[in-house]
Amino acid sequence: MRQSGWFQLQMRGLRKRAERQWLIGRAIRRRGSLHIVRQRTGQINAGDILLFASMRNERVRLPYFFDYYRRLGISHFLIVDNDSDDGSRDWLADQPDVSLWRTSASYKAARFGMDWMNWLLLRHGCGHWCLTVDPDEFLVYPHCDRRPLSALTDWLETAGRRSFPAMLLDMYPQGPVDAHPYAEGEDPFTIARWFDPANYSIRKDRRYGNLWIQGGPRARAFFTDDPLSGPALNKVPLVKWHWRYAYVSSTHMLLPRALNLLYDEDGGEAISGCLLHAKFLSTLTQKAAEELDRRQHYAGSQEYRAYHRAVGQGVDLWCAASREYSDWRQLEDLGLMSRGGWA
């Protein structure tokens, strides 16, 4: 029995290694679909914290997104533009701290952009703390109101940690999603300033070891008949990158498996953050229609079908249990994130 258990562990380890090598190989093979628009990676210095993102037609979001992460301490942005036609590419190319690639290749065929991200992380991220996010995701971590991101990464290094988890927290307005027009450069959380303080399920994924979180307003409003088909809310967006690493599915989990083991199973609390998710703005109406037409998202864009239908019916995500966002301490008090041992 002992030999059989040892053999099974060895085989699982070999399968994970083969999967990781396959993911890295995919990324290398698909690098040819990325074409340089602005190459400024020579500006990257040792110790810089880097941000990686792929996007399409996000022009209205870009000024606030960049301002937010520059203030946190991001030194350089590595962006893939997936054939935007709204002026995003020109805006990005003009930013002095951006290296920009363009592609007209299929987002879906690139594993929803993760082949592109894995390649850029492999090529430019090794040895750096790298934050991989979507343009509607805003990282909140303990003490973020008075400590830069480098303070967090320094603490993580001292604690021997190579990755940092964050729960995706859907933010929404009070009233119909499209009732408050979003203006370029505006803080989205002056509009979408409410969230669900509870209504989440959590389980451990046996294969990759990560926690799998679902629920929140999307489960109750868009997936009421089948909440388990709703989106995953667990993310590992911040990683001290190494050439042996690869994202498996979005930023939900990575290989090697140890990068996902970011929780305390002995009754304590491990450090974690949140990604405030600013999807539910007036821009969602146009975005949902576009993505339905393109059909480049997961499961035949079923999420966007649900969004398009619900927004057209004037969906209001606010409910009596909704909580108005104040700061990271509020999220910690609610158990949605934790400072762990970082005082």
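Residues numbered from 1 in each chain as written. Predicted model: local features only at pLDDT ≥ 70, side-chain atom pairs only at ≥ 80, totals over all residues. Heavy atoms only, no water.

(A) Up close: the sheet that holds strand β4 (residues 98–102). Spatially, the 9 strands line up as an open sheet ordered β1-β4-β3-β2-β5-β11-β7-β14-β6, and their pairing is mixed. A strand with exactly one partner marks an edge of an open sheet, and here the two such strands are β1 (35–38) and β6 (137–140). Averaged over all neighbouring strand pairs, the angle between strand axes comes to 25 degrees, with direction disregarded. The sheet strands contacting helix α2 (residues 62–72) are β2 (50–55), β3 (76–81), β4, β5 (129–132), β6 and β14 (273–277), and the helix crosses β6 at an angle near 20 degrees. (Pairing = 2+ DSSP bridges. Helix = DSSP H or I, 4+ residues; strand = E, 2+ residues; numbered from the N terminus. Axes fitted to C-alpha atoms, helices over the stretch in contact; angles between N-to-C directions. Contact = heavy atoms within 4.5 Å.)

(B) Focus on the side chain of Glu 19. Residue placement: Glu 19 occurs in helix α1 (residues 2–29). For Glu 19, a relative accessible area of 17% puts it in the buried group. Ignoring any residue separated from it by four or fewer positions in sequence, one finds Glu 19 in contact with Arg 207, Tyr 208, Val 248 and Leu 255. (Buried < 20%, exposed > 50% of the residue type's maximum accessible area, 1.4 Å probe, protein only.)

(C) Seen up close, the pattern of salt bridges. Taken as a whole and assessed by the stated rule, the structure comprises 19 salt bridges. Asp 327 is the salt-bridge partner of Arg 329, the closest N and O atoms lying 3.9 Å from each other. Relative accessible area serves as the criterion here: at 30%, Arg 329 is assigned to the partly exposed category. Assessed through its relative accessible area of 26%, Asp 327 is described here as partly exposed. Each of Arg 26, Arg 30, Arg 111 and Asp 115 takes part in salt bridges that share partners, so that together they form one network. (Salt bridge = Lys/Arg side-chain N within 4 Å of Asp/Glu carboxyl O.)

(D) Highlighting the packing of aromatic side chains. Scanning all chains against the criterion turns up 18 aromatic pairs. Residues Tyr 69 and Phe 138 carry aromatic rings whose centres are separated by 6.2 Å and whose planes lie at 5 degrees to one another, so their mutual orientation is stacked. Placement of Tyr 69 in helix α2 and of Phe 138 in strand β6 is noted, with a sequence separation of 69 residues between them. The exposure classification of Tyr 69 matches that of Phe 138, with both residues buried. Ring geometry for Trp 241 against Tyr 245: centres 5.7 Å apart, planes inclined by 75 degrees, an arrangement best described as edge-to-face. Joined through ring pairs, the aromatic side chains of Tyr 64, Phe 65, Phe 66, Tyr 68, Tyr 69, Phe 77, Trp 91, Phe 138 and Phe 189 make up one cluster. A cation over an aromatic ring shows up here: Lys 16 above the ring of Tyr 208, its NZ or CZ 5.8 Å from the ring centre. (Phe/Tyr/Trp six-rings, centres within 6.5 Å; stacked < 30°, edge-to-face > 60°. Lys NZ or Arg CZ within 6 Å of the ring centre and 35° of its normal.)

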